[in-house]
Amino acid sequence: MRYWLMKSEPDTFGIDDLAAAPKQTTSWEGVRNFQARNMLRDDMQAGDLAFFYHSSCPEPGIAGVVEVVRSGYPDASAWNARSPYHDPKSLENKPLWYTVDVRLKQRARQLLPLAVLREHATQQLDGLLLLRRGNRLSITPVDRAHWKFILSLLR
DNA sequence: GCCAACGTTGGC
DNA sequence: GCCAACGTTGGC
């Protein structure tokens, strides 16, 4: 079992949207980066846990915990011409993009801000990919030790 | 709005 | 295969 961090812009889809979704479950569609795609397709398994991270917003940070409930499968939004995630390079018989399903597991009572995570960047969270300079990946793996420490900060 | 970092594209 | 130009991400 592995741990992850998944970014989403709350203006587009935040933890409130996930909480309001049927079965509090959603397909994590729209990832259009090859490194992240490979993790969705090859590495993320049902039972894995992930932090739900709010990015590109007034207060970026971790908003909760989700569980992967379905491992990688083709992202149908790439085939939908009306979707903002439409990509004609993805073919029905040769999908280019993948998604997983995640279910809300824990909604933080208060957001754990990026600034707080940074306070531990040279100590307990040394090496956390999210904190690495220039990191832009929307999905990143999280070490077990980092996971446990961040959980201890989450309220 | 600014800017750093990084990915993608396309000419050669 | 190289690399410049361009686009995107995302914090501030």
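Before any of the text, the structure's been laid out above.
Cut-offs applied
- Residues numbered from 1 in each chain as written.
- Chains lettered and ligands numbered in written order.
- Predicted model: local features only at pLDDT ≥ 70, side-chain atom pairs only at ≥ 80, totals over all residues.
- Heavy atoms only, no water.
- Buried < 20%, exposed > 50% of the residue type's maximum accessible area, 1.4 Å probe, protein only.
- Helix = DSSP H or I, 4+ residues; strand = E, 2+ residues; numbered from the N terminus.
- Arc of directions from axis to C-beta.
- Contact = heavy atoms within 4.5 Å.
- Phe/Tyr/Trp six-rings, centres within 6.5 Å; stacked < 30°, edge-to-face > 60°.
- Lys NZ or Arg CZ within 6 Å of the ring centre and 35° of its normal.
- Near = heavy atom within 4 Å.
- Polar contact = N/O pair within 3.5 Å; in protein donor to acceptor, adjacent residues only side chain to side chain.
- Salt bridge = Lys/Arg side-chain N within 4 Å of Asp/Glu carboxyl O.
- Pairing = 2+ DSSP bridges.
- Axes fitted to C-alpha atoms, helices over the stretch in contact; angles between N-to-C directions.

1. Section: helix α3 (residues 34-43)
A turn of α-helix holds 3.6 residues, and therefore any two residues three or four places apart point the same way.
Thinking step 1. Of all the positions in α3, only Ala 36, Arg 37, Met 39 and Leu 40 are classed as buried. In an axial view of α3, the angular spread of the buried residues amounts to 160°, which keeps them on one side of the axis.
Thinking step 2. Buried residues along α3 sit in contact with β1 (3-8), β4 (61-74), β5 (98-113) and β6 (139-142).

2. What about the packing of aromatic side chains?
The description of an aromatic ring pair rests on the distance of the ring centres and on the angle between the ring planes.
Thinking step 1. The tally for this structure, following the rule as stated, stands at four aromatic pairs.
Thinking step 2. Seen in terms of ring centroids, Tyr 3 and Trp 147 are 4.6 Å apart; in terms of plane orientation they differ by 25°. Their pairing is stacked. Of the two residues, Tyr 3 sits in strand β1 while Trp 147 sits in helix α5 (residues 144-153), which places them 144 residues apart along the sequence.
Thinking step 3. Residue class for Tyr 3 comes out buried when judged on its relative accessible area of 10%.
Thinking step 4. The exposure class assigned to Trp 147 is buried, which follows from its relative accessible area of 3%.
Thinking step 5. When the centroid spacing of 5.4 Å and the interplanar angle of 80° are considered together, the rings of Trp 28 and Phe 52 count as edge-to-face. Of the two residues, Trp 28 sits in the loop between β2 (25-27) and α3 while Phe 52 sits in strand β3 (residues 49-54), which places them 24 residues apart along the sequence. Residues Trp 28 and Phe 52 agree in their burial class; the two are buried.
Thinking step 6. Aromatic rings pair up to connect Tyr 3, Phe 51 and Trp 147 into one cluster.
Thinking step 7. The ring of Tyr 98 is capped by Arg 41, whose NZ or CZ atom sits 6.0 Å from the centre of that ring.
Thinking step 8. Residue placement shows Arg 70 over the ring face of Tyr 73; its charged tip is 3.5 Å from the ring centre.

3. Regarding the protein's contact with DNA strand C
Thinking step 1. Taken together, Lys 7, Tyr 53, Ser 55, Ser 56, Pro 60, Leu 114, Arg 118 and Arg 136 make up the full set of residues adjacent to DNA strand C.
Thinking step 2. Within 4 Å of the protein, the contacting atoms of DNA strand C are drawn from sugar and phosphate to the extent of 72%.
Thinking step 3. For DNA strand C, a phosphate oxygen lies 3.0 Å from a polar atom in the side chain of Lys 7.
Thinking step 4. Contact between DNA strand C and Arg 118: a phosphate oxygen at 3.4 Å from a side-chain N or O atom of the residue.

4. Some details on the environment of Phe 51
Thinking step 1. Within the secondary structure, Phe 51 sits in strand β3.
Thinking step 2. C-alpha of Phe 51 to C-alpha of Ile 150: the two residues are 99 residues apart in sequence and 9.3 Å apart in space.
Thinking step 3. Leave out the neighbours within four places in its chain, and Phe 51 touches Trp 4, Leu 5, Met 6, Ile 62, Gly 64, Val 65, Trp 147, Ile 150, Leu 151 and Leu 154.

5. Quick look at the environment of Ala 50
Thinking step 1. Along the polypeptide, Ala 50 turns up in strand β3.
Thinking step 2. Along the chain, Ala 50 and Val 69 lie 19 residues apart, while their C-alpha atoms are 11 Å from each other.
Thinking step 3. Beyond its immediate stretch of four places on either side in the chain, Ala 50 contacts Trp 4, Met 6, Gly 64, Val 65, Val 66 and Trp 147.

6. Digging into the pattern of salt bridges
Thinking step 1. The full count for this structure, using the stated rule, is five salt bridges.
Thinking step 2. In this structure, Asp 42 engages Arg 41 in a salt bridge whose closest nitrogen and oxygen atoms are separated by 2.8 Å.

7. What about the sheet that holds β1?
Consider a sheet: its strands pair through backbone hydrogen bonds, and that pairing is either parallel or antiparallel.
Thinking step 1. Here we have six strands laid out as an open sheet, ordered β2-β5-β4-β3-β1-β6, and mixed in their pairing. Edge positions in the open sheet fall to β2 and β6, since each of these has one partner strand only. Between one strand axis and the next, the sheet turns through 35° on average, direction left out of account.
Thinking step 2. Here β1 pairs with β3 via six bridges, running parallel. Paired with Lys 7 across the bridge in β3 is Tyr 53.
Thinking step 3. Taken strand by strand, α3 contacts β1, β4, β5 and β6, and its axis lies near 110° from that of β5.
Thinking step 4. The sheet contacts of α5 involve β1, β3, β4, β5 and β6, and relative to β3 the element is tilted by about 55°.

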